[in-house]
Amino acid sequence: MNSRVFLSKLVLGLSTVLFVNTIHAEDLSASQRLNGANTRKAFAKTKQAAFASTVRLIRNGKLITHGTIVTKEGLLLTKASACVGAREAVFADGKKYPVRIRRRDEKTDLALLQIMAKDQSFEPVQWSSDKLPAEGGWMVSADPKLKGLKVGVNSGTPRSIKREGGVIGVILGRDGNATGGVAIAEVVPRAAGATAGLKKGDVVTKINGQSVKRREQVIKLVGSHDPGDVVRIEVIRDDRSFSYQVTLGHRSVTFEMFNRNLQMSGPVSRRKDNFPMIIQHDLPLPPEAMGGPVLDINGKAVGLNMARVDRVTTYALTAKIVQATFKTLNR
Amino acid sequence: MLNYWHIAFLVTMPLAALSLCLNAEELKAWEKPFPENGEDLLAIQERLRKILPEAKKAVVAIESDGGAGSGVIVSEDGMVLTAAHVIGKSGKRVKVRLPDGKRVNAITLGGSEISDAGMAEITDEGDWPIAPMAARSSSKIGDWCFALGHPGGFDKERGIIVRLGRIIAKEDETIQTDSRLLGGDSGGPLFDFNGRVIGIHSRISKKDDQNFHAPIEAFHANWKSFRDEKLLTQSSLKDGGFLGVGCEETEEGLKVIEVVENSAAKKARFREGDIIVKVNGDVIDTREELTIAIATTGPGKSVIIDYLRGEKKMTAKVKLGKRPNFEEGEK
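Residues numbered from 1 in each chain as written. Chains lettered and ligands numbered in written order. Predicted model: local features only at pLDDT ≥ 70, side-chain atom pairs only at ≥ 80, totals over all residues.

How big an interface is tends to be expressed through the accessible area that disappears when the partners come together. In terms of domain boundaries, chain A breaks down into domain 1 (44-161 + 274-329) and domain 2 (167-253). The gap between the C-alpha centroids of domain 1 of chain A and domain 2 of chain A is 37 Å. (Domains from an automatic or database assignment.)

This is how it looks when you write it as structure tokens:
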């Protein structure tokens, strides 16, 4: 009796293997792929947690960024530089609430928002108690529409990301201009300098009132300001002086057209630098899905998505940094 | 009676143990059509984390004046697998950068732009960390895999980047996966869930979940010609010798399925159904091997081809022709 049961199991086992081989004669079905429907189904536990604590922040009827519910009273954290003008928070179940901004933190690019609602029984995100997620461990976030999940792995070493100063969006000529300034050899179309009115051939003489003679000086002075800062640039054009107010751009976005990797990556976040501690993952998320939590397979949040960097890279602030910043912002 | 049962018991026990063993092995989470639950996800995560540290040790960046790519060391004497488009040409001095950032000297060897398989060799003395190469035909559609490399170039703080995926298609000269890749990853290794190299990153497609890798089979088949610095590029293919057969890789061998009119093969009386066995004494199993052997021999020069016609062993001395200009879309 026993032997018959085991023998039939043995045969079954073998036939399963054969069957698997035969279905592998064609391409892998979309549902079986890393981000396929069947694979995502296994993440049921995480899905529930992700959907309860992720909201879509809306301005003029359009999704601008995600947010992360951090208290049951409806406080939420999101990406400060992306949430400007957010009017409404929409949950996965379709419930909508007006939101109001409370405070923002430049250092982390986090903002604290309050959901304006009478029923204060929201489901806050549960932070992982692990110091850092396991390398190669599963990482999961809600997709932009809060209809499904996106999955991937923790893909690089946790680290801080250096600050990247603002740029005018011009290519400077060589030093030693006869007029004593620094000539503009090329103007990047549609970038900060072009928008303000700078032209090819202009000679930059002063930045915020300070004289400049060498290109290194220009780069250093401009780079000491952040993207979004306004600087006054004086130039000489056809022997006449002109003064322009230039709102500085982001280096990586401004010079996108010269970077093949960025061209292949689709839209990326504007601010993707200057973070105190990040974890890196490969989830296929667009910039408007930043601000939401990234969770492990137990549904615990290991970070908050902060920047879509390129085709293979998203940065998330670590749970520890996010929790500490929340304490400061909520004081 | 008692004796009979006793014997039966003795016979069934090992069988039972054997079948239990087989069942346990067959049902590993990463061997199922897709992970079914949290337990399967955890098993996949644990498996990846177990093999990842060892796999990363042999991953390198390849730096030359033209740019940077990735690679993997596969032998103690410093053979590095990479992409043909990363090495560019044979005999070029390049730097190989180990995971700790140390640069060592290397020289490019051969490769083929058909599969995009390429090879380099470290010329400095040392004990190199190595990754095992998978045997021929050991990967198939549906296998879980992970890509390692230096997307965007070497970054010590960030480290080697891991991306998880599955094989979504496999053909003679290419593997397609949904592991995410970026420029700089080219030449980096694709590992299976046994920690063996099954492919080398080649091209990315517009869709970020359909990227291409040169299969490890291309390295096995062409090892000698790559080591001997034979490099088949698009232009060397155009200017190289031309035989004029279309072939298919079959169980019997490399089968002629088409003979081009007025070609060298036609003049040498090759027929559909002939099995090509050797060129100039070297055994030929794949289309790519045949193309390299023919195209790296100039037009007007002769090759000796051993082939089978049915059971009959045949040999032909063939004077190669010039490659005709095929219309766009034809091969």
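Read on for the rest.
With that settled, consider the sheet that holds strand β9 (residues 174-177) of chain B. Residue and element names in this part refer to chain B. Spatial ordering of the closed barrel is given by β7-β8-β9-β12-β11-β10, a layout of six strands whose pairing is antiparallel. Averaged over all adjacent pairs, the angle separating strand axes in this sheet is 45°, with direction ignored. Here strand β11 (residues 197-203) pairs with strand β12 (residues 211-215) via four bridges, running antiparallel. Residue pairing for β12: Ile 200 is matched across the bridge by Ala 214. Contacts from helix α2 (residues 38-56) reach β7 (144-149), β8 (161-171) and β10 (189-192) within the one sheet, and its direction differs from that of β7 by about 35°. Where helix α4 (residues 216-227) meets the sheet, its contacts fall on β11 and β12, and the angle it forms with β12 comes to roughly 30°. (Pairing = 2+ DSSP bridges. Helix = DSSP H or I, 4+ residues; strand = E, 2+ residues; numbered from the N terminus. Axes fitted to C-alpha atoms, helices over the stretch in contact; angles between N-to-C directions. Contact = placed C-beta atoms within 7 Å.)

What follows covers the pairing of strand β7 (residues 138-142) of chain A. Residues and elements named next belong to chain A. A large share of β7 lies buried, amounting to five of its five residues. Across five bridges, β7 lies against strand β8 (residues 149-153) in antiparallel orientation. Counterpart to Ala 142 in the pairing with β8 is Leu 149. In this antiparallel pair of consecutive strands, β7 and β8, the connection spans six residues, and Leu 146 shows a positive phi of 55°. (Buried ≥ 20, exposed ≤ 12 C-beta atoms within 10 Å, placed from the backbone.)

This paragraph deals with α2 of chain B. Counted at 1.5 Å a residue, the expected span for α2 of chain B with its 19 residues is 27 Å, and the 27 Å between its end C-alpha atoms agrees. Taking the largest bend as the criterion, α2 of chain B deviates by roughly 25°, centred on Lys 50 of chain B, and proline Pro 53 of chain B comes between one and four positions later. What α2 of chain B keeps buried is the set Leu 41, Ile 44, Gln 45, Leu 48, Ala 55 and Lys 56 of chain B. Buried residues in α2 of chain B make contact with β7 of chain A together with β1 (59-64), β7, β8 and β10 of chain B. (Expected span 1.5 Å × (residues − 1). Bend = angle between axes of the 7 residues up to and from the residue.)

All names here are of chain A. For Glu 234, the position within the fold is in strand β15 (residues 230-237). Between the alpha carbons of Glu 234 and Val 203 there is a distance of 8.4 Å; along the sequence they are 31 residues apart. With sequence-adjacent residues up to four places away left out, Glu 234 is seen in contact with Thr 205, Lys 206, Ser 241 and Ser 243.

Right, let's get into unusual backbone geometry. Residues and elements named next belong to chain A. In this structure, Asp 109 takes a positive phi of about 65° despite not being glycine. You can see Asp 109 is positioned in the loop between β5 (96-105) and β6 (110-115). Classification of Asp 109 by C-beta neighbours within 10 Å gives buried; the count is 25.

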